[in-house]
Amino acid sequence: MSAPLASWNDTPTKTAIVDFVQRTTTEGSADYLAPNDRIAVFDNDGTLWTEQPAYNQLLFAIDRLKALAPDHPEWKDDPALGAILSGDMAAFGKTGMKGIFTLVAATHAGISTEDFGKIVRDWIATAKHPVYKRPYPATPFEPMLELLDYLRANGYITFIVSGGGVEFMRAFTQEAYGVPPQQVIGSTGKTEFKVVDGAPVLVKLPELDAINDGPGKPVGIDKFLGRRPVMAFGNSDGDLEMLQYTAAGDGARFMALVHHDDAEREAAYDKGSPIGALDKALTEANERGWTVISMKDDWNSIFPD
């Protein structure tokens, strides 16, 4: 069996993680945590897998829009959908959040949750990342996969708390990360119970229910977990409130940000990035002594072989 955290260099970051886990799982330690209190939460995009040049769920939605377009000639007249179908992503970007909601409604709604999950799994299994040219199951970060395994081996319960769509993530998190669907919290759309051909199903509606990002993350954690995490990992300003909420609890706490600073092996971005901007959270991490994980310095590999 390989050593735990083998893809992590022997830096203060790795030492801090191992030290925290040992202190909180060793009976008699002043920081010992009972197994039920060992809760670790992880953002998904940019924290567990790559998010550049666009969130993977957005790339999925674009692929699905193109696949469905022959049956919807009216889409070419929509500012957002027509821009995507003509290849003008700059024009699509100008449509902002309204354009994104239009895209999600066109590609995610009107089908059962079971059918949607199958569509996502088929896409994950067959599509390739536009930059790394590898299947999406090969785009999670190897060091984070090792960290998830290491925490679970020490009695921690690992949850994903992401701004991504919950049904999109639940289709693959078990296979990708070992995180079962019931331990995934994400943004949600509304669903409706129906009986279709004699079978009861939940049908996805083109309406937003809740956005699980920024301040929505601690709200989602409280709503679905009912307790405060003791470890939290993110990579952007959208994760700041989740880290603040974790830090405000009593006893031992561990907050960390994955800093994308490796342009050679993955990407280098933080402030000003349209995807995964890291500004306020990085400043607060440095001020409060939270751990900042350098992809360049702390990881000896990025993706699984």
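Scroll up for the structure.
Residues numbered from 1 in each chain as written. Predicted model: local features only at pLDDT ≥ 70, side-chain atom pairs only at ≥ 80, totals over all residues. Heavy atoms only, no water.

Caption draft 1: Representation of the sheet that holds strand 3 (residues 184-196). Strand order in the open sheet formed by seven strands is 4-3-2-1-5-6-7, with mixed pairing between adjacent strands. Two strands in the sheet have a free side with no partner beyond their single neighbour: strand 4 (199-210) and strand 7 (291-294). Within this sheet the neighbouring strands show an average axis-to-axis angle of 30°, counted without direction. Of the strand pairs in this sheet, strand 6 (residues 254-259) and strand 7 are connected by four bridges, and their pairing is parallel. Looking at strand 7, one finds that His259 is bridged to Ser294. (Pairing = 2+ DSSP bridges. Helix = DSSP H or I, 4+ residues; strand = E, 2+ residues; numbered from the N terminus. Axes fitted to C-alpha atoms, helices over the stretch in contact; angles between N-to-C directions.)

Caption draft 2: Quick peek at the nonpolar core. Core analysis: the largest hydrophobic core is formed by 50 residues, its most contacted members being Met144 and Phe233. Contributing elements (two or more residues each) for this core: helix 1 (12-25), strand 1 (39-42), helix 2 (56-68), helix 6 (113-126), helix 7 (142-153), helix 8 (166-170), strand 5 (231-234) and strand 6. At six residues, the largest contribution of residues to this core is made by helix 7. Residue contacts for Phe233: discarding those within four places in its chain leaves Val41, Phe42, Asp43, Thr47, Met144, Leu147, Leu151, Met242, Phe254, Ala256 and Ile293. Of all hydrophobic cores here, the second largest spans 20 residues; its members include Ile185, Met242, Ala281 and Trp290. (Core = buried A, V, L, I, M, F, W, Y, C linked by side-chain atoms within 4.5 Å. Buried < 20%, exposed > 50% of the residue type's maximum accessible area, 1.4 Å probe, protein only. Contact = heavy atoms within 4.5 Å.)

Caption draft 3: Structural context of the packing of aromatic side chains. Evaluated as defined, the whole model comprises 16 aromatic pairs. An aromatic cluster is defined as three or more aromatic residues linked by ring pairs; in this entry it consists of Trp49, Phe60, Phe116, Trp123, Tyr136, Phe168, Phe172 and Tyr177. Above the ring of Phe116, the side-chain terminus of Lys204 is found at 4.7 Å from the ring centroid. Directly above the ring of Tyr245 sits Arg228, whose terminal nitrogen or CZ lies 4.2 Å from the centroid. (Phe/Tyr/Trp six-rings, centres within 6.5 Å; stacked < 30°, edge-to-face > 60°. Lys NZ or Arg CZ within 6 Å of the ring centre and 35° of its normal.)

Caption draft 4: A look at the pattern of salt bridges. Applying the stated rule across the entire model yields 13 salt bridges. The partner of Glu167 in a salt bridge is Lys204, and the shortest N-O contact between them spans 2.4 Å. On the criterion of sequence distance, the pair formed by Glu167 in helix 8 and Lys204 in strand 4 is long-range, its members being 37 residues apart. Residue Glu167 is classed as partly exposed on the basis of its relative accessible area, which comes to 22%. On the basis of relative accessible area, Lys204 is assigned to the buried category, the value being 8%. For Glu207, the salt bridge is made with Lys190, and the minimal N-O distance between the two is 3.7 Å. Here Glu207 is found in strand 4, whereas its partner Lys190 is found in strand 3, with 17 residues between them in sequence. The class of Glu207 is partly exposed, set by a relative accessible area of 40%. The class of Lys190 is partly exposed, set by a relative accessible area of 37%. Look at the salt bridges and you will find they share partners, linking Asp19, Arg23 and Asp31 into a network. (Salt bridge = Lys/Arg side-chain N within 4 Å of Asp/Glu carboxyl O.)

Caption draft 5: Fine view of the layout of surface pockets. Looking at the largest pocket, its volume works out to about 1300 Å³. What lines the largest pocket is a set of 50 residues, and nearest its centre among them are Tyr55, Gln57, Met97, Ile100 and Gly163. The biggest single contributor to the lining of the largest pocket is helix 5 (residues 96-108), with eight residues. In the lining of the largest pocket, the residues fall into 24 nonpolar, 15 polar and eleven charged. What lines the second largest pocket is simply Thr113, Glu114, Gly117, Arg121, Glu167, Arg170, Ala171, Phe172, Thr173, Gln174, Glu175 and Pro181. The biggest single contributor to the lining of the second largest pocket is helix 6, with four residues. Across the lining of the second largest pocket, the residue classes tally to three nonpolar, four polar and five charged. (1 Å grid on protein atoms, 1.4 Å probe; cavity = no way out; pocket = protein on both sides within 12 Å on 5 of 7 lines; lining within 4 Å. Points joined across faces, edges and corners; volume = space filled by probe spheres on them. Nonpolar A, V, L, I, M, F, W, Y, C, P; charged D, E, K, R; others polar.)

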